[in-house]
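Architecture and fold: a report
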Amino acid sequence: MKRKRVGAFRRRAQRATTETRRATCQICSRERAQYRRLLARTRRAWSKFCEDAANPFGRHYKAIFRKRRPPSDLFQQSTPADTEVEQAENILRTLYPATTPETSAGPSPAAQNDRPFSSREITRIIKNVNKTKAPGFDGLDNIILQQIHQANPELLLLMFNKCLEFGLFPSTIKIGVVVLFYKEGKSQNDPMSYRRISLLPSIGKLLEKLMSQRLSFHPKTTDQQHPKQYGFKEGASIDHALDSHKDYITRLSPSAKHFYSI
């Protein structure tokens, strides 16, 4: 309930007009701070509860896994023996159909005005990464990358600048680990009964973040970004687009002019 309340205040602040935006943002910040304090206390209490448990498969274990089954038991009730792998492969083929590989034109070296990544850019991104994200197939999560950067700041900087210099995004950091989550109450033989996520290497996400910041920075500094653009723009959302559309209708209403929208 508290999380939904904070989300409601955040949406209200995003939709607020210029006159009331400051007040609504202050209320949202206060509610978010209270929620974070409550979340921290809850996590400490849960951690202490798990540490004090004498039986590792006691109440805390049942509280987490009471509605779930181990991945090894996922298909055993609906498939004959030795066919779990075949069914898993069938699910992957349905959810991720084979496509014709695109012919690559080769690397595109960086342009002359593309400056190398700076240590400040990488440090700012690594400092703000989410530490709770699961790693990819390499097992390197964001915490490990932070420690690597702290021990040798030039290592990641050199590697990312080489990718920029040769215009390459290494294919090895595009490999994802597909994890399937069964939707309770649905047929286990139906591939659409599984929600899938793909775990990508964290180092690839860092490179992607660096590139996306460069791409968004260029149109801003060269005045090539339209003021009415709300998609793929930091700090803008559908709420801002609807608010702009509502203001436009309000301005035209007194003049009895016709208007249309797509």
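Residues numbered from 1 in each chain as written. Predicted model: local features only at pLDDT ≥ 70, side-chain atom pairs only at ≥ 80, totals over all residues. Heavy atoms only, no water.

Per an unreviewed UniProt entry, the chain carries the name Reverse transcriptase domain-containing protein and comes from Araneus ventricosus.

Counting secondary structure elements, the chain contains nine helices and two strands. When the helices and strands of the chain are placed in sequence order, the string is α-α-α-α-α-α-α-β-β-α-α. For the chain, with 262 residues in total, the buried portion stands at 20%. For the chain, the exposed surface amounts to about 20200 Å²; the carbon and sulfur share of it is 57%. (Helix = DSSP H or I, 4+ residues; strand = E, 2+ residues; numbered from the N terminus. Buried < 20%, exposed > 50% of the residue type's maximum accessible area, 1.4 Å probe, protein only. Areas by Shrake-Rupley, 256 points an atom, 1.4 Å probe, with all protein chains shown as cover.)

So, on to the environment of R195. Within the secondary structure, R195 sits in strand 2 (residues 194-199). Judged by relative accessible area, which is 45%, R195 ranks as partly exposed. C-alpha of R195 to C-alpha of L180: the two residues are 15 residues apart in sequence and 5.7 Å apart in space. Contact partners of R195, with chain neighbours within four places excluded, come to V179, L180, F181 and K183. (Contact = heavy atoms within 4.5 Å.)

This structure, assessed with the given rule, holds six salt bridges. As a salt-bridge pair, R5 and E31 come within 3.1 Å of each other at their nearest N and O atoms. In this pair, R5 is assigned in helix 1 (residues 2-15) and E31 in helix 2 (residues 21-51), connecting sequence segments 26 residues apart. E165 is the salt-bridge partner of K162, the closest N and O atoms lying 3.5 Å from each other. With K162 and E165 both in helix 7 (residues 153-166) and three residues apart, this pair spans about one turn of that helix. By relative accessible area, K162 is classed as partly exposed at 39%. (Salt bridge = Lys/Arg side-chain N within 4 Å of Asp/Glu carboxyl O.)

Counted at 1.5 Å a residue, the expected span for helix 7 with its 14 residues is 20 Å, and the 21 Å between its end C-alpha atoms agrees. What helix 7 keeps buried is the set L156, L157, F160, N161, C163 and L164. What you see down the axis of helix 7 is that its buried residues fit within an arc of 155°, all on one side. G167 lies just past helix 7 and shows a positive phi near 65°. (Expected span 1.5 Å × (residues − 1). Arc of directions from axis to C-beta.)

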